[in-house]
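# What the coordinates show
Residue-level listing of the chains:
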Amino acid sequence: MPQIGYELSHLSALEAESVHIFREVAATFERPGLLFSGGKDSVVMFHLARKAFWPAPIPFPLMHVDTGHNFDEVIEYRDRVVEQTGVRLIVSSVQDDIDAGRVVEQTGPGASRNRLQTTALLRGITENRFDAVFGGARRDEEKARAKERVFSFRDRFGAWDPRAQRPELWNLYNGRHATGEHIRVFPLSNWTELDIWQYIEAESIDLPSIYYAHQREVVPRDGMLLAKTRFLEIADGEQSHTETVRFRTVGDATCTGCVESTAATVAEVIDEVAATRLTERGATRADDRISESGMEDRKKEGYF
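Residues numbered from 1 in each chain as written. Predicted model: local features only at pLDDT ≥ 70, side-chain atom pairs only at ≥ 80, totals over all residues. Heavy atoms only, no water.

## Here we look at the overall build of the chain
- Scanning the chain for helices and strands turns up nine helices and 10 strands.
- Here the C-alpha coordinates of the chain stretch approximately 75 × 50 × 40 Å along the principal axes.
- Put simply, the chain has 304 residues, and 54% of those count as buried.
- By sequence separation, contacts in the chain at least 24 residues apart represent 73% of the contacts at least 6 residues apart.
- Element-wise, carbon and sulfur atoms account for 50% of the exposed surface of the chain, whose accessible area totals about 14600 Å².
- Each charge sign in the chain was given a centre, from 38 positive and 49 negative side chains, and these centres are 5 Å apart. (Helix = DSSP H or I, 4+ residues; strand = E, 2+ residues; numbered from the N terminus. Buried < 20%, exposed > 50% of the residue type's maximum accessible area, 1.4 Å probe, protein only. Contact = heavy atoms within 4.5 Å. Areas by Shrake-Rupley, 256 points an atom, 1.4 Å probe, with all protein chains shown as cover. Lys, Arg positive; Asp, Glu negative; His and termini not counted. Charge placed at Lys NZ, Arg CZ, Asp CG, Glu CD.)

See the structure below:
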């Protein structure tokens, strides 16, 4: 009898791995939550979560760590997704921490609320008693994230120790933790930016409009183009101008840059991403440029 071959495509294999991770967490943990910013990675992660449990609703809420300095298009998209899917959304606000005196906001040109997200994130995890939190980080984004396991153990302070990572041989995940500790789970660890966009095309996933080419007033700063918004303080000598741009990643509007681009469709973005040699965080995130170990230092404090 002739052998019938069966082989998953690259994207199908990645999808199957992510779906397995979601189901493993649902079976292992009591109170998981999914971090959702409205960015492309969290959108794909939410899409995969819905697939993992379809036709049942996902068995955990979304949590947005809100800096208060968001792009309007992203917040509109977030609220539309919640309305359309009926998922429960929890918002942990940096402004609440500022008002309560738990953190102090920086001021002046170059100031950002990005680092203040750590306090809001850890407070949200504690208040909602999450024992596992899904994040959309990928290993190809940044060198500190390349060190992460799929199940990343965090101590009772939310801190990450890169030297105490647990082995994950044969894709076996260790979720053991004591009360007060939790696990960060990264279902997209093995995906690349190109994989994400190819999956968006294959699944016809809707994204915020800022991921595609549009005209925007921008301010050149430190080799990047920052969007001129009501949150960005202009330094002496800086001048804004209008460019045709798009965003490769979404974050705090004061530290997330855009790139010059005419890619107005998913197919055009895929062509652009396939040709680039610089990751989206390396190209457009000012918060990663604070030092050589900036991301790792923040992760040790409890950051994403």
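Continuing now.
## A closer look at the pairing of strand β9 (residues 241–246)
- Examined bridge by bridge, strand β7 (residues 214–221) and β9 share five bridges and lie antiparallel to one another. Residue His214 lies in a different strand from β9, and its bridge partner there is Val245.
- Where β9 and strand β10 (residues 257–260) come together, two bridges link them in antiparallel fashion. Paired with Val245 across the two strands is Glu260, which belongs to β10. (Pairing = 2+ DSSP bridges.)

## So, the sheet that holds strand β2 (residues 62–66)
- Strands sit in the order β3-β2-β1-β4-β6-β5 across an open sheet of six strands; the sheet is mixed. Since the sheet does not close on itself, it has two edges, and those belong to β3 (89–93) and β5 (151–154), each with one partner. On average, adjacent strands in this sheet sit at an angle of 30 degrees to one another, irrespective of strand direction.
- Strand direction decides the pairing type here: strand β1 (residues 32–35) and β2, joined by two bridges, are parallel. When the sheet's bridge partners are listed, Leu35 is paired in β2 with Met63. (Axes fitted to C-alpha atoms, helices over the stretch in contact; angles between N-to-C directions.)

## Here's the deal with the packing of helix α1 (residues 10–28) against helix α2 (residues 40–53)
- Packing of α1 against α2 leaves a shortest axis separation of 9 Å and a crossing angle of 70 degrees. Overall, the two elements α1 and α2 adopt an arrangement that is roughly perpendicular. Crossing of α1 against α2: the hand is right-handed. Taken together, the residues of α2 that come into contact with α1 (itself represented by Glu15, Ser18, Val19, Phe22, Arg23 and Ala26) are Met45, Leu48, Ala49, Lys51, Ala52 and Phe53. (Parallel < 35°, antiparallel > 145°, perpendicular 65-115°, else oblique. Left-handed = near helix turned anticlockwise from the far one by under 90°.)

## Description of the sheet that holds β7
- With respect to topology, four strands assemble into a closed barrel ordered β7-β8-β10-β9, the strand pairing being antiparallel. Along the sheet, successive strands turn relative to each other by an average axial angle of 70 degrees, direction set aside.
- As defined by bridge partners, β7 adjoins strand β8 (residues 224–227) across four bridges and the pair is classed as antiparallel. Pairing of Val218 across the sheet is with Ala227, part of β8.

## Thoughts on the environment of Gly158
- Its place among the elements puts Gly158 in the loop between β5 and β6 (182–185).
- We classify Gly158 as buried; its relative accessible area is 3%.

## Concerning the pattern of salt bridges
- Within this structure, the stated rule accounts for 20 salt bridges.
- We note a salt bridge from Asp97 to Arg123, for which the minimum N-O separation is 2.7 Å. Of this pair, Asp97 sits in helix α4 (residues 94–99) while Arg123 sits in helix α5 (residues 117–127), and the two are 26 residues apart along the sequence. Residues Asp97 and Arg123 agree in their burial class; the two are buried.
- Each member of the salt-bridge network shares a partner with another, and the members are Lys40, Asp41, Arg138 and Asp140. (Salt bridge = Lys/Arg side-chain N within 4 Å of Asp/Glu carboxyl O.)

## Re a nonpolar patch on the surface
- Taken together, the side chains of Leu169, Trp170 and Leu172 make up a nonpolar region of the molecular surface, amounting to roughly 440 Å² of accessible area.
- Within the secondary structure layout, Leu172 lies in the loop between β5 and β6.
- On the basis of relative accessible area, Leu172 is assigned to the exposed category, the value being 56%. (Patch = residues over 30% accessible without salt bridge, like charges linked within 9 Å, V, L, I, M, F, W, Y side chains within 5 Å.)

## Considerations on the side chain of Glu141
- Checked against the element boundaries, Glu141 lands in the loop between β4 (132–134) and β5.
- Taking relative accessible area as the criterion, Glu141 reaches 5% and is therefore assigned buried.
- Of note is the side chain of Glu141, whose polar atom sits 2.6 Å from the backbone nitrogen of Arg138. (Polar contact = N/O pair within 3.5 Å; in protein donor to acceptor, adjacent residues only side chain to side chain.)

## Thoughts on the packing of helix α6 (residues 193–203) against helix α7 (residues 266–275)
- For the pair α6 and α7, the least separation of the axes is 10 Å and the interaxial angle reads 165 degrees. By the angle between their directions, the pair α6 and α7 is classed as roughly antiparallel. By crossing handedness, the relation of α6 to α7 is classed as left-handed. Only Val266, Ala267, Val269, Ile270, Val273 and Ala274 of α7 make contact with α6, whose side of the interface consists of Glu193, Leu194, Trp197, Gln198, Ile200 and Glu201.
- Residues that form the contact of α6 with α7 fall into these classes: nine nonpolar, one polar and two charged. (Nonpolar A, V, L, I, M, F, W, Y, C, P; charged D, E, K, R; others polar.)

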